[in-house]
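Report on the structure
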Amino acid sequence: MKKKITILLPAYNEEESFALLEQQMLQVLADNPDYDWEFLLVNDGSTDHTLQQMIVLHQRDPQHFSYIDLSRNYGKEIAMMAGFDHIDSDGVIIMDADMQHPISVIPEMLHYFEEGYDDVYAQRRTSKESWFKKQSSRWYYRFLQRLTRIPIQQNTGDFRLLNRSCILALQQMRETERNTKGLYSWIGYNKKGIFYDQNERQQGETKWTFGQLVSLAINGITSYTIAPLRISTFIGLLVSFVAFCYLIYILITTWIFGDPVAGYPTIMVTILFLGGIQLLSIGIIGEYLGKIFNETKKRPPYFIKTYQPTKKDE
Ligand code: UDP
Ligand code: MG
């Protein structure tokens, strides 16, 4: 029996990427005949002809192409979750539908998969992103790593090969406020990094807006760790301590030198500073409260319009 590997391809308005996608997937098929391949396309509520393209691919090659059509656009994290829930393979490779991830590293992934690694993740070697994006992601990960014991893989996205243990683990992660990158780290297992050069996006444009990136970043921290809550406690303690010392100082100087009414700047600075810290701390609490609110609703994470599995004709 050949091992079955699924390539999971979440797609949102990627109609222009499909010619390349099909060609690349057929290439994977031709290059790696020792495996039983499935290409699972997830249509994340696209408003263009992405779904029609998926149907065409499935009809052309029902043995290899399957698809899930979600009821609306849920975002890539949930689209991947829907994918994981419909995978029964020995391994899954997650790739972007825009084919920015090169299929050329797949044989290397399979090599380490066969060696027994549970999670073979691809690390961007030369990132062609802007200086700002590169730097902000570096600082962000450095900050995140400070906050947690769990090792975090840098310059790493969803492009990776996960074996059955990891798939089963991820299927049990039911949170809807997801940062899947954090989950890969959280579940642990044996990890192996390999390097790759990211391709330029050939068709269409990036689906992430700046706002979405910021919210992903905040989600990354808050779904990982409650450290910010603790940090705000510490800042509170520190500020109270400093304020207490200052209070003693004022009492003593007033006692010795009397009370000439002065000190407007100090009062303003103190009020503004404390006000800022208080608002920040309330904001942090709000972030977690919002998560609790969303999770306690216990809504299904997504709805599916159609699921079309692969057909085996023996
Ligand atoms: N994507 C998705 N749902 C969304 C946004 C993006 O499924 O709401 C998919 C998209 O089709 C692509 C992958 O997620 O396959 C990565 O998106 P994109 O290429 O826009 O991100 P970037 O490569 O710029 O980080
Ligand atoms: Mg992309």
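Everything quoted here is computed from the prediction, not taken from an experiment.

Attention shifts here to the sheet that holds strand β8 (residues 304-308). Reading across the sheet, the 8 strands line up as β7-β5-β6-β4-β1-β2-β3-β8 and stay open at both edges, with mixed pairing between neighbours. Unpaired on one side and paired on the other, β7 (191-196) and β8 mark the two borders of the sheet. Each neighbouring strand pair of the sheet contributes to a mean axis angle of 20°, computed without reference to strand direction. In the sheet, strand β5 (residues 119-124) pairs with β7 via 6 bridges, with the strands oriented parallel. Each residue of the ladder has a partner; that of Ala122, found in β7, is Ile194. Its contacts with the sheet put helix α1 (residues 18-31) on β1 (3-11), β2 (35-43) and β3 (65-70), and the angle it makes with β2 is roughly 160°. Sitting on the sheet, helix α3 (residues 76-85) touches β1, β2, β3, β4 (91-94) and β6 (156-163), and the angle it makes with β1 is about 155°.

With that settled, consider the site of ligand 1. Not every one of the 16 residues close to ligand 1 is listed here, only the nearest: Asp44, Asp98, Gln100, Thr206 and Lys207. At a separation of 2.6 Å, a nitrogen atom of ligand 1 approaches a polar side-chain atom of Asp44. Protein coverage of the free-state accessible area of ligand 1, which is 530 Å², stands at 90%. Taken together, the residues that form the shell around ligand 1 break down as 5 nonpolar, 4 polar and 7 charged.

Another aspect to go through is helix α5 (residues 131-147). Taking 1.5 Å as the rise per residue, α5 with 17 residues should run 24 Å; its terminal C-alpha atoms sit 25 Å apart, in good agreement. Those residues of α5 that are buried lie in contact with α7 (180-187), α8 (210-222) and α9 (227-257).

Attention shifts here to a nonpolar patch on the surface. The grouping of Phe244, Leu247, Ile248, Leu251, Ile252, Trp255, Ile256 and Phe257 at the surface amounts to a nonpolar patch, some 940 Å² of accessible area in total. Within the secondary structure, Leu247 is located in helix α9. Taking relative accessible area as the criterion, Leu247 reaches 44% and is therefore assigned partly exposed.

Where like charges cluster on the molecular surface, the positive patch consists of Lys134, Arg138, Arg142 and Arg146. Assessed through its relative accessible area of 47%, Arg142 is described here as partly exposed.

To continue, consider the pairing of β1. Buried residues dominate β1, accounting for 8 of its 9 residues. In this sheet, β2 lies alongside β1 in parallel orientation, the contact comprising 9 bridges. When the sheet's bridge partners are listed, Ile5 is paired in β2 with Trp37. The parallel pair β1 and β2 is bridged by α1, and the resulting crossover is right-handed. Judged from the 4 bridges that link them, β1 and β4 form a sheet pairing that is parallel. In the strand pairing of β4, Ile7 is matched with Ile93.

What follows deals with the nonpolar core. Counting residues in hydrophobic clusters, the biggest one holds 33 residues, and the most contacted among them are Ile7, Met25, Trp37 and Ile93. Judged by nonpolar contacts, the second largest core, of 25 residues, contains Leu8, Ile68, Val92 and Ile167.

Calculation rules
- Residues numbered from 1 in each chain as written.
- Chains lettered and ligands numbered in written order.
- Predicted model: local features only at pLDDT ≥ 70, side-chain atom pairs only at ≥ 80, totals over all residues.
- Heavy atoms only, no water.
- Pairing = 2+ DSSP bridges.
- Helix = DSSP H or I, 4+ residues; strand = E, 2+ residues; numbered from the N terminus.
- Axes fitted to C-alpha atoms, helices over the stretch in contact; angles between N-to-C directions.
- Contact = heavy atoms within 4.5 Å.
- Near = heavy atom within 4 Å.
- Polar contact = N/O pair within 3.5 Å; in protein donor to acceptor, adjacent residues only side chain to side chain.
- Areas by Shrake-Rupley, 256 points an atom, 1.4 Å probe, with all protein chains shown as cover.
- Nonpolar A, V, L, I, M, F, W, Y, C, P; charged D, E, K, R; others polar.
- Expected span 1.5 Å × (residues − 1).
- Patch = residues over 30% accessible without salt bridge, like charges linked within 9 Å, V, L, I, M, F, W, Y side chains within 5 Å.
- Salt bridge = Lys/Arg side-chain N within 4 Å of Asp/Glu carboxyl O.
- Buried < 20%, exposed > 50% of the residue type's maximum accessible area, 1.4 Å probe, protein only.
- Lys, Arg positive; Asp, Glu negative; His and termini not counted.
- Charge placed at Lys NZ, Arg CZ, Asp CG, Glu CD.
- Right-handed = clockwise from strand over helix to strand, strands pointing away.
- Core = buried A, V, L, I, M, F, W, Y, C linked by side-chain atoms within 4.5 Å.

Limitation: the analysis is restricted to geometry and does not speak to function.
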